[in-house]
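Chain and residue survey
The primary structure of each chain is shown beneath.
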Amino acid sequence: MMEQKLPPFATGVQLCLKELLHYKSHTVHWQPPGKSIWSQLNGSHQSNQKGRGMNFSEVRQYQAGDDIRSIDWRVTARTGKAHTKLFTEEREQPVILYLDLSRNMRFGSQLLFKSVQCAHLASLLSWLTVEQKDRIGAVIDMGDRLVELKPTARQQGALHISHQLMQLNNEAIQQVQDQQQNSSNTVTELPFNHALQTLHRMCPKGSDIIFISDFQRLTEESKPLLNQLRQHNRLQFVHIFDPLEMGNTHFRGSEYVTNGQHTHWLNFGLKNTRKQLENSYVKHLNQLDKICKNMAIPMRSLSCAEPLLTQLGAQSSHSSASISPSGDS
């Protein structure tokens with residue numbers, strides 16, 4: 001397997017502004033007449049929602065050149081004169097990102113921390129939203145607290161999210177290092193439902209809500225709150241994973257590992273250890289997939305062991321070649 005190179009300006013652990021601003025120049029790959037990025041991320045689950053459409057505005061008397069398909073036949077029959085329906089494009093639709101930077105996301109065995117891959121995708125989606133002239137906001141989940149960023153238009157929204165991601169991620173990494181030195185690793189994390197309640201409160205109806213997480217804290221008990229969000233908004237799940245979580249590693253030694261609550265020595269040289277990791281990962285992924293299918297939420301998994309643009313199929317240079325994703329846009 002070819003060894004992956006870090007994305008430009010990236011260390012894989014800490015974040016810098018140049019690293020996130022790098023994705024601004026790559027939005028060209030998913031702008032018209034190209035395909036939507038969601039045709040890459042939707043995977044096998046297709047959403048019934050097709051994005052921005054047209055809203056009815058008014059009825060006026062038919063004029064030469066009007067589309068006959070827009071004739072309002074009821075008004076025409078009532079008045080005896082042809083009338084046409086007029087439509088306006090839907091207003092801007094806020095895009096709200098749920099960004100998981102909790103303890104489980106601050107992990108990576110090969111290329112990037114999961115939290116870093118989350119930030120890279122968040123930056124790309126933020127700049128795409130700006131290009132589409134929609135407002136972009138976010139809820140950044142640090143595990144023990146939530147940081148709310150209200151939907152903001154133009155570049156200000158995308159820049160604010162990038163600054164917050166950089167600052168919060170780097171502060172969290174430093175705190176972990178300090179806790180390790182002080183032998184204090186106990187962190188009480190908020191339940192996933194707390195984030196869902198926050199999203200329900202802050203998201204305007206008709207929002208696109210994109211969850212980027214490993215979804216370790218998502219359970220069946222979250223379905224009622226998810227259903228409330230789904231009734232008036234479009235939801236997307238992007239699942240971030242690391243190969244080690246499924247037992248996929250060339251390392252064959254022993255390592256002291258922790259999930260923030262429990263610590264164990266794991267011998268990766270034992271096939272049984274790697275198999276247990278794989279079984280646990282498959283169980284979690286099946287539960288997540290079941291929730292998504294039952295609630296018709298499109299979901300796609302992204303590895304933190306490969307650069308984001310490599311997985312999305314985007315070209316690293318600004319050539320005229322366009323991506324050719326499968327599925328609908």
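Residues numbered from 1 in each chain as written. Predicted model: local features only at pLDDT ≥ 70, side-chain atom pairs only at ≥ 80, totals over all residues. Heavy atoms only, no water.

Time to look at the side chain of Asn170. Here Asn170 is to be found in helix α5 (residues 154-181). From its side chain, Asn170 meets the backbone nitrogen of Leu15 in a polar contact 2.8 Å long. In this view, Asn170 contacts Gln14 and Leu15; residues no more than four positions away in its chain are not counted. (Helix = DSSP H or I, 4+ residues; strand = E, 2+ residues; numbered from the N terminus. Polar contact = N/O pair within 3.5 Å; in protein donor to acceptor, adjacent residues only side chain to side chain. Contact = heavy atoms within 4.5 Å.)

Okay, the sheet that holds strand β3 (residues 95-100) next. Taken together, the six strands give an open sheet; going across it, the order is β5-β4-β3-β6-β7-β10, and neighbouring strands pair in mixed fashion. With partners counted over all chains shown, the strands left at the sheet margins are β5 (146-152) and β10 (299-303), one partner each. The mean angle between the axes of side-by-side strands here comes to 15 degrees, regardless of whether they run parallel or antiparallel. Inspection of the sheet shows β3 paired to strand β6 (residues 208-213) by five bridges, in the parallel sense. If you follow Ile96 over to β6, its bridge partner there is Ile209. In the packing of helix α7 (residues 223-232) onto the sheet, contacts are made with β6 and β7 (234-241), and the angle to β7 comes to roughly 130 degrees. (Pairing = 2+ DSSP bridges. Axes fitted to C-alpha atoms, helices over the stretch in contact; angles between N-to-C directions.)

With that settled, the discussion passes to α7. Here α7 has its buried residues at Leu225, Leu226 and Leu229. The buried residues of α7 occupy an angular sector of 100 degrees when projected down its axis, which confines them to one face. Projecting away from the buried face of α7 at angles above 90 degrees are the exposed residues Pro224 and Gln231. (Buried < 20%, exposed > 50% of the residue type's maximum accessible area, 1.4 Å probe, protein only. Arc of directions from axis to C-beta.)

Side chains on a regular strand alternate between the two faces of the sheet. As paired strands, strand β4 (residues 136-141) and β5 are joined by five bridges and run antiparallel to one another. Bridging from a neighbouring strand, Val139 pairs with Glu148 of β5.

Owing to its 3.6 residues per turn, the α-helix aligns residues three or four sequence positions apart on the same side. Among the residues making up helix α6 (residues 192-202), those that are buried are Phe192, Ala195, Leu196, Thr198, Leu199 and Met202. Across the axial projection of α6, the buried residues extend over an arc of 160 degrees, all falling on one side.

Counting 41 residues, the largest nonpolar core has Leu97, Leu99, Leu124, Leu125, Ile140, Leu165 and Ile212 as the members making the most contacts within it. Among the secondary structure elements, those contributing two or more residues to this core are β3, α4 (114-131), β4, β5, α5, β6, β7 and α9 (308-312). Take this core: its biggest share by element is eight residues, from α4. If you look at the next biggest cluster of nonpolar residues, it comprises 24 residues, including Ile96, Tyr98, Cys203 and Leu225. (Core = buried A, V, L, I, M, F, W, Y, C linked by side-chain atoms within 4.5 Å.)

Our focus in this paragraph is the pattern of salt bridges. Tallying each qualifying case throughout the model produces twelve salt bridges. The salt bridge involving Arg201 is made with Glu148; its shortest N-O contact spans 2.5 Å. Highlighted residues: Arg201 in helix α6 and Glu148 in strand β5, separated in sequence by 53 residues. Take Glu148: its relative accessible area is 35%, and that puts it in the partly exposed class. The residue Arg234 makes a salt bridge to Asp208 at a minimum N-O spacing of 2.6 Å. A residue pair is termed long-range when its members are at least 10 positions apart, and Arg234 in strand β7 and Asp208 in strand β6 qualify at 26 residues. (Salt bridge = Lys/Arg side-chain N within 4 Å of Asp/Glu carboxyl O.)

This part takes up the packing of aromatic side chains. For the structure on display, the rule yields seven aromatic pairs. A centroid spacing of 5.5 Å and a plane angle of 45 degrees characterise the contact between Tyr98 and Phe211, whose relative ring orientation is tilted. One end of the pair, Tyr98, is in strand β3; the other, Phe211, is in strand β6, with 113 residues separating them in the sequence. Residues Tyr98 and Phe211 agree in their burial class; the two are buried. On the accessibility criterion, Phe211 (0% relative accessible area) is buried. Three or more aromatic residues joined by ring pairs form one cluster here, namely Tyr98, Phe192, Phe211, Phe215 and Phe237. (Phe/Tyr/Trp six-rings, centres within 6.5 Å; stacked < 30°, edge-to-face > 60°.)

It is at 10 Å that the axes of α6 and α7 come closest, and there the two elements cross at 20 degrees. As summarised for this structure, α6 and α7 are arranged roughly parallel, according to the angle between their axes. Classified by chirality, the crossing of α7 by α6 is left-handed. Contacts between α6 and α7 involve Asn193, Leu196, Gln197, Leu199 and His200 from the first element and Leu225, Leu226, Gln228 and Leu229 from the second. A breakdown of the residues in the contact of α6 with α7 according to their chemical character gives five nonpolar, four polar and no charged. (Parallel < 35°, antiparallel > 145°, perpendicular 65-115°, else oblique. Left-handed = near helix turned anticlockwise from the far one by under 90°. Nonpolar A, V, L, I, M, F, W, Y, C, P; charged D, E, K, R; others polar.)

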